[in-house]
Amino acid sequence: FDASRPWHKRVIDDVPFALLGITLPQMADIASPDPHTRFHGIEETLSRALGEIKAAGIDTACFFMFGFPDAHPGDMDDILSLAREIAPTYPQFHVTAPYPGTQLYDDVLGMPDVRFSDESLFPEEIEGRLSLRELKALTRRAFVSYYLRPSYIVDRVRRGELHLLGKQLRLFWG
């Protein structure tokens, strides 16, 4: 992985995979590889990298998290906009889970207006401005609004993947 190509291709059992690892601290280096190049935003950088991966014939999956302690209900719209902008084949939308031993878990312990959704060793989520019920509803809405877009459905049909589209639709309606 490097600034010019932040992904690596692997083939496992004749199935191509691309490993793309980008964390926020790395974004400046990846998006702007030298001091004479202007900084490119996360959307542009991810769009470029995912475009290269797709051009190599590899489907893409990205994980988007809802429910950080300072999250607002409108943040979901920003997350969905990013998902649509970078257009992964399989976006996954999840509620943020704070695991013991992580910085997020320790941060939540010190926040007076934020609490864990339950008392288990691995709480399901953080309740702050949004409840667990609200976050699950936002997550479901994100899945439905992404996967039921006409452009996504047309792309799946064009690629001859109607059977996969049917499986995805069954996930939405059980």
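Just so it is clear, the structure is predicted and the values come from calculations on it, not from any experiment.

## Regarding the pattern of salt bridges
Thinking step 1. The full count for this structure, using the stated rule, is five salt bridges.
Thinking step 2. A salt bridge links Asp77 to Arg141, with the nearest nitrogen and oxygen atoms 3.4 Å apart. Of this pair, Asp77 sits in helix 3 (residues 75–86) while Arg141 sits in helix 5 (residues 132–147); the two residues are 64 residues apart in sequence, bridging distant segments of the chain.
Thinking step 3. Residue Asp77 is classed as partly exposed on the basis of its relative accessible area of 42%.
Thinking step 4. Residue classification places Arg141 among the partly exposed residues on the basis of a relative accessible area of 45%.

## Overview of the packing of aromatic side chains
Thinking step 1. Under the criterion given, the structure shown has eight aromatic pairs.
Thinking step 2. Aromatic pair Tyr146 and Tyr147: ring centres 5.6 Å apart, planes at 75°, arrangement edge-to-face.
Thinking step 3. Note on Tyr146: relative accessible area 1%, which makes it buried.
Thinking step 4. The structure contains a cluster of three or more aromatic residues connected by ring pairs, namely Phe64, Phe66, Phe93, Phe143, Tyr146, Tyr147 and Tyr152.
Thinking step 5. The ring of Tyr146 is capped by Arg149, whose NZ or CZ atom sits 4.1 Å from the centre of that ring.

## Regarding unusual backbone geometry
Thinking step 1. Backbone geometry at Ala87 places phi at a positive 50°, although glycine is not the residue there.
Thinking step 2. Locating Ala87 in the fold gives a position in the loop between helix 3 and strand 4 (90–95).

## A look at empty space enclosed by the protein
Thinking step 1. Applying the stated rule across the entire model yields one cavity of 30 Å³ or more.
Thinking step 2. Approximately 40 Å³ is the volume found for the largest cavity.

## Side note on the confidence of the model for the protein
Parts of the model with low pLDDT should not have their predicted coordinates read in detail.
Thinking step 1. With 80% of its residues at a pLDDT of 70 or more, the protein has an overall mean of 77.
Thinking step 2. Of all the helices and strands in the protein, helix 1 (residues 24–31) carries the lowest mean pLDDT, 50, while helix 5 carries the highest, 87.

## Looking at a nonpolar patch on the surface
Thinking step 1. Together, Ile12, Val15 and Phe17 give the surface a local cluster of nonpolar side chains, amounting to about 260 Å² of exposed area.
Thinking step 2. Locating Val15 in the fold gives a position in strand 2 (residues 15–20).
Thinking step 3. Of the residues examined, Val15 reaches a relative accessible area of 39% and is grouped as partly exposed.

## Remarks on the pairing of strand 4
Thinking step 1. Taking every second residue as pointing to the same face, the buried face of strand 4 carries Pro91, Phe93 and Val95, while none of Tyr90, Gln92 and His94 on the other face is buried.
Thinking step 2. Across six bridges, the pairing between strand 3 (residues 61–66) and strand 4 is parallel. Bridging from a neighbouring strand, Cys62 pairs with Pro91 of strand 4.
Thinking step 3. For the segment spanning strand 3, helix 3 and strand 4, crossover handedness is right-handed.

Conventions adopted
- Residues numbered from 1 in each chain as written.
- Predicted model: local features only at pLDDT ≥ 70, side-chain atom pairs only at ≥ 80, totals over all residues.
- Heavy atoms only, no water.
- Salt bridge = Lys/Arg side-chain N within 4 Å of Asp/Glu carboxyl O.
- Helix = DSSP H or I, 4+ residues; strand = E, 2+ residues; numbered from the N terminus.
- Buried < 20%, exposed > 50% of the residue type's maximum accessible area, 1.4 Å probe, protein only.
- Phe/Tyr/Trp six-rings, centres within 6.5 Å; stacked < 30°, edge-to-face > 60°.
- Lys NZ or Arg CZ within 6 Å of the ring centre and 35° of its normal.
- 1 Å grid on protein atoms, 1.4 Å probe; cavity = no way out; pocket = protein on both sides within 12 Å on 5 of 7 lines; lining within 4 Å.
- Points joined across faces, edges and corners; volume = space filled by probe spheres on them.
- pLDDT = per-residue confidence, 0-100.
- Patch = residues over 30% accessible without salt bridge, like charges linked within 9 Å, V, L, I, M, F, W, Y side chains within 5 Å.
- Areas by Shrake-Rupley, 256 points an atom, 1.4 Å probe, with all protein chains shown as cover.
- Pairing = 2+ DSSP bridges.
- Right-handed = clockwise from strand over helix to strand, strands pointing away.

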